[in-house]
Amino acid sequence: MYVKKAIVVSKYSNNAEALKSLLNKEGFGDVLVLEDSTVAKEMVVSDEYDLIVINVPLEKETGLELATFCGENTTSSIMVIVQENKSVEVAQMMTSKGIMVISKPINKHLFHHYLMFSECFKKRMHRVVKENTKLKSQVETMKLVNRAKILLMQNLRMTESQAHHYLEKQAMDLRKSKYDIALRILNTYEN
């Protein structure tokens, strides 16, 4: 069974523990509490978290720098918790970066809905990342296959159609992917 993971970053241990408790009640089984933004940065790049909650300000920075760093370097949902009088200003800066802003004091009912929204957003993000990875792989395969076709055309005087047919036939006969056949051709004719 998958265990949802979160990091809570706060310079106030009592606030951090209250947030951890809320997250545990919301189904987060693994909640790491940190005070230091430098340690938090190291953790978020070394492991994947479903949610990063930053209770600002932090000890050595405002916390917005950490939120921005996390937004640029992770696919985690990110929540910044700020004083109510700063929430509009901070939201204007963070929303365009895909970072949710919640004002203090935290309303448990709204917090629950923020978490539901962040989970929906994270699932959509994972689908987009997966599709993007698949498309990148397809483009790389196409580039490699096209390079192989060009080598066949140059070295064996094949037409583009003949080179294409040759690649497909080799892949089928040898039960290999076109990518693997293209690699073999590149290794043969590029060296």
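I will try to describe carefully the structure that is included in this document. The structure displayed is predicted, hence computed values, not measured ones.

### Re the overall build of the protein
Next up, step 1: Scanning the protein from terminus to terminus reveals seven helices and five strands.
Next up, step 2: Each helix (α) and strand (β) of the protein, taken in turn from the N terminus, gives the series β-α-β-α-β-α-β-α-β-α-α-α.
Next up, step 3: Relative to its length of 191 residues, the protein is extended, with a C-alpha radius of gyration of 25 Å against a globular reference of 16 Å.
Next up, step 4: Viewed in the frame of its principal axes, the protein has a C-alpha envelope of about 75 × 35 × 25 Å.
Next up, step 5: Nonlocal contacts in the protein, meaning residues at least 24 apart in sequence, comprise 60% of its contacts between residues at least 6 apart.
Next up, step 6: Working note: accessible area of the protein is about 12,000 Å², and carbon and sulfur atoms make up 54% of it.
Next up, step 7: Computed over 27 positive and 23 negative side-chain charges, the separation of the two mean positions in the protein equals 7 Å.

### Brief notes about the layout of surface pockets
Next up, step 1: Of the voids in this model, the largest pocket is the one considered here, and its volume is about 210 Å³.
Next up, step 2: Lining the largest pocket, in full, are Asn 15, Ala 18, Leu 19, Ser 21, Leu 22, Lys 25, Asn 55, Ile 81, Lys 104, Ile 106 and Lys 108.
Next up, step 3: Per element, the largest residue contribution to the lining of the largest pocket is six residues, and it comes from helix α1 (residues 13–25).
Next up, step 4: Per-class residue counts for the lining of the largest pocket are five nonpolar, three polar and three charged.

### Some remarks on helix α5 (residues 108–156)
Next up, step 1: The terminal C-alpha atoms of α5 lie 71 Å apart, and with 49 residues this matches the ideal 72 Å at 1.5 Å per residue to within 8%.
Next up, step 2: Within α5 the residues assigned to the buried category are Phe 111, Leu 115, Ser 118, Lys 122, Leu 144, Val 145, Ala 148, Lys 149, Leu 151 and Leu 152.
Next up, step 3: Capping the start of α5, Asn 107 holds a side-chain oxygen 2.8 Å from the backbone nitrogen of His 109, two or three residues further along.
Next up, step 4: One or two residues past the end of α5 sits Arg 157, with phi positive at roughly 55°.

### Concerning unusual backbone geometry
Next up, step 1: For the bond from Val 56 to Pro 57, the omega torsion is 0°, close enough to zero to count as cis.
Next up, step 2: Residue position: Pro 57 is located in the loop between β3 (51–55) and α3 (64–73).
Next up, step 3: For the peptide bond that leads from Lys 104 to Pro 105, omega is -5°, which places it in the cis range.
Next up, step 4: Topologically, Pro 105 is positioned in the loop between β5 (100–104) and α5.

Parameters at a glance
- Residues numbered from 1 in each chain as written.
- Predicted model: local features only at pLDDT ≥ 70, side-chain atom pairs only at ≥ 80, totals over all residues.
- Heavy atoms only, no water.
- Helix = DSSP H or I, 4+ residues; strand = E, 2+ residues; numbered from the N terminus.
- Rg over C-alpha atoms; globule rule 2.2 N^0.38 Å.
- Contact = heavy atoms within 4.5 Å.
- Areas by Shrake-Rupley, 256 points an atom, 1.4 Å probe, with all protein chains shown as cover.
- Lys, Arg positive; Asp, Glu negative; His and termini not counted.
- Charge placed at Lys NZ, Arg CZ, Asp CG, Glu CD.
- 1 Å grid on protein atoms, 1.4 Å probe; cavity = no way out; pocket = protein on both sides within 12 Å on 5 of 7 lines; lining within 4 Å.
- Points joined across faces, edges and corners; volume = space filled by probe spheres on them.
- Nonpolar A, V, L, I, M, F, W, Y, C, P; charged D, E, K, R; others polar.
- Expected span 1.5 Å × (residues − 1).
- Buried < 20%, exposed > 50% of the residue type's maximum accessible area, 1.4 Å probe, protein only.
- Polar contact = N/O pair within 3.5 Å; in protein donor to acceptor, adjacent residues only side chain to side chain.

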